[in-house]
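Observations on the three-dimensional arrangement
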Amino acid sequence: MSAPTLASGAPEQRAPVRPARVLLHVFLAGTALAWLAPLLWAMFSALRPYGETSTKGYVSWPDTLNFDNFKNAFVQSDMTHYFVNTLLIAVPAVLLTLFLSSMVAFYVSRFDFRLNLALLLVFTAGNLLPQQVIITPLYRMYLLTDLPGITESGKLYDSALGLVLIHVAFQSGFCAFVLSNYMRSLPHELTEAALVDGASVWRLYWQITLPLCKPAMAALATLLSIWIYNDFFWALVLISTGENMPITSALNNLSGQYFTDPNLVASGALLTAIPTLVVYFALQRQFVSGLTLGANKS
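Below: a short report on this structure. (Residues numbered from 1 in each chain as written. Predicted model: local features only at pLDDT ≥ 70, side-chain atom pairs only at ≥ 80, totals over all residues. Heavy atoms only, no water.)

A few points about helix α7 (residues 160-184)
- Between its first and last C-alpha atoms α7 spans 35 Å; for 25 residues at 1.5 Å apiece the expected length is 36 Å, and the two agree.
- The sharpest bend along α7 comes to roughly 40°, located at Q171. (Helix = DSSP H or I, 4+ residues; strand = E, 2+ residues; numbered from the N terminus. Expected span 1.5 Å × (residues − 1). Bend = angle between axes of the 7 residues up to and from the residue.)

What about empty space enclosed by the protein?
- Here the structure, examined in full by the defined rule, presents one cavity of 30 Å³ or more.
- The volume enclosed by the largest cavity comes to roughly 40 Å³.
- T86, I89, L163, H167, I228, D231 and P246 are the residues that line the largest cavity.
- For the lining of the largest cavity, the secondary structure elements donating two or more residues are α4 (79-110) and α7.
- Of the residues belonging to the lining of the largest cavity, the class tally is four nonpolar, two polar and one charged. (1 Å grid on protein atoms, 1.4 Å probe; cavity = no way out; pocket = protein on both sides within 12 Å on 5 of 7 lines; lining within 4 Å. Points joined across faces, edges and corners; volume = space filled by probe spheres on them. Nonpolar A, V, L, I, M, F, W, Y, C, P; charged D, E, K, R; others polar.)

Here's the deal with the side chain of D231
- Note on placement: D231 falls in the loop between α10 (214-229) and α11 (233-238).
- One buried charged residue, D231, remains without a salt bridge, the closest side chain of opposite sign being R140 at 21 Å.
- If we ignore the near neighbours within four places in the chain, the residues touching D231 are H167 and T248. (Buried < 20%, exposed > 50% of the residue type's maximum accessible area, 1.4 Å probe, protein only. Lys, Arg positive; Asp, Glu negative; His and termini not counted. Salt bridge = Lys/Arg side-chain N within 4 Å of Asp/Glu carboxyl O. Contact = heavy atoms within 4.5 Å.)

A closer look at the nonpolar core
- Counting 55 residues, the largest nonpolar core has L98, Y142, L163, I166, W234 and L238 as the members making the most contacts within it.
- Sequence-distant contacts of L238, that is, excluding residues within four places in its chain, are made with Y142, Y157, D158, S159, L163 and I166. (Core = buried A, V, L, I, M, F, W, Y, C linked by side-chain atoms within 4.5 Å.)

Topic: helix α9 (residues 201-212)
- Between its first and last C-alpha atoms α9 spans 16 Å; for 12 residues at 1.5 Å apiece the expected length is 16 Å, and the two agree.
- Among the residues of α9, those classed as buried are L204, Y205, T209 and L210. With its buried residues spanning 130° around the axis, α9 presents them on a single face.
- Where the residues of α9 are buried, they touch α4, α7, α8 (188-196) and α10. (Arc of directions from axis to C-beta.)

Regarding the pattern of salt bridges
- Summed over all chains, the structure comprises three salt bridges.
- Among the salt bridges present, the one from E52 reaches R48, with a minimum N-O distance of 2.8 Å. Residue E52 shares its accessibility class with R48, and that shared class is buried.

So, the packing of aromatic side chains
- Inspection of every chain in the model, using the stated rule, returns 13 aromatic pairs.
- Relative to F111, the ring of F106 lies with its centre 5.6 Å away and its plane at 85°, an arrangement referred to as edge-to-face.
- Since its relative accessible area comes to 25%, F111 is described here as partly exposed.
- A ring pair is formed by Y139 and Y157, whose centres lie 5.4 Å apart and whose planes are at 85°; its orientation type is edge-to-face. One end of the pair, Y139, is in helix α6 (residues 135-144); the other, Y157, is in the loop between α6 and α7, with 18 residues separating them in the sequence.
- Under the relative-accessibility criterion, Y157 is labelled buried at 13%.
- Here the aromatic residues F106, Y107, F111, W202, Y205 and W206 are joined through ring pairs into a cluster of three or more. (Phe/Tyr/Trp six-rings, centres within 6.5 Å; stacked < 30°, edge-to-face > 60°.)

Some details on the layout of surface pockets
- In this structure, the largest pocket encloses a volume near 280 Å³.
- Of all the secondary-structure elements, those providing two or more residues to the lining of the largest pocket are α4 and α7.
- Partitioning the lining of the largest pocket into residue classes produces six nonpolar, five polar and two charged.

Here's the deal with the environment of N181
- You can see N181 is positioned in helix α7.
- Classification of N181 as partly exposed rests on a relative accessible area of 36%.

Written out as structure tokens, the structure is:
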């Protein structure tokens, strides 16, 4: 077989493989394997019965692989109930965070005034404060806030509303910072033309600026959904009733007082990770475009 030729008839010259490039690919493959190893090991453990691993050990060739642990974990943890609890927390928290942070970002990025940068720094500074630092005063404030007739507990403590508000408070700063940078990359001629045509500030925000921010909003929605869905710290501190906790606490139902089946816990952990993977793959294209668009603005 003859060597491939170019349009001019000359043989194609392949670039030599450099050792540095080979080392780079080996490093990337090793890093990817290191990240996937815990997930693959959890999947391997979840497919094996506990009796087999207790007899032969975890590092052994399996005799039986089935999905019994997944079925038992789903039933024993009452995962459907906790998944509904999580939806009641995550969906309002994501929508409120994106709505409020986009309003702040619109104001500080599209209008010039003396304190716009200071206002953005105030919102962003909330993300720099460790959660553990404010947990004691926040816990006492939740206990002292009465909401009769609004929450089942009659207080902000031990309610889904309390978790929604704390997630909105802690995530709005980051979202406002990202959206403000994205909105600054939009042409100011759009704003000026709309103002000349008599558009109000609300119409300028809702009908002109916000539709152009769909890639950034989709990227932030993906991140927020994963962060809020996987939250365990705030639910552990601000929720006392087991039935009101989100899905991350469902794994506690798989742990007994005197014995815990690690294979069952591994299958439960994999089941709880499925919704986050669905969200990521559903918004993958928008997620990537939202992170890259506007990045080259000087």
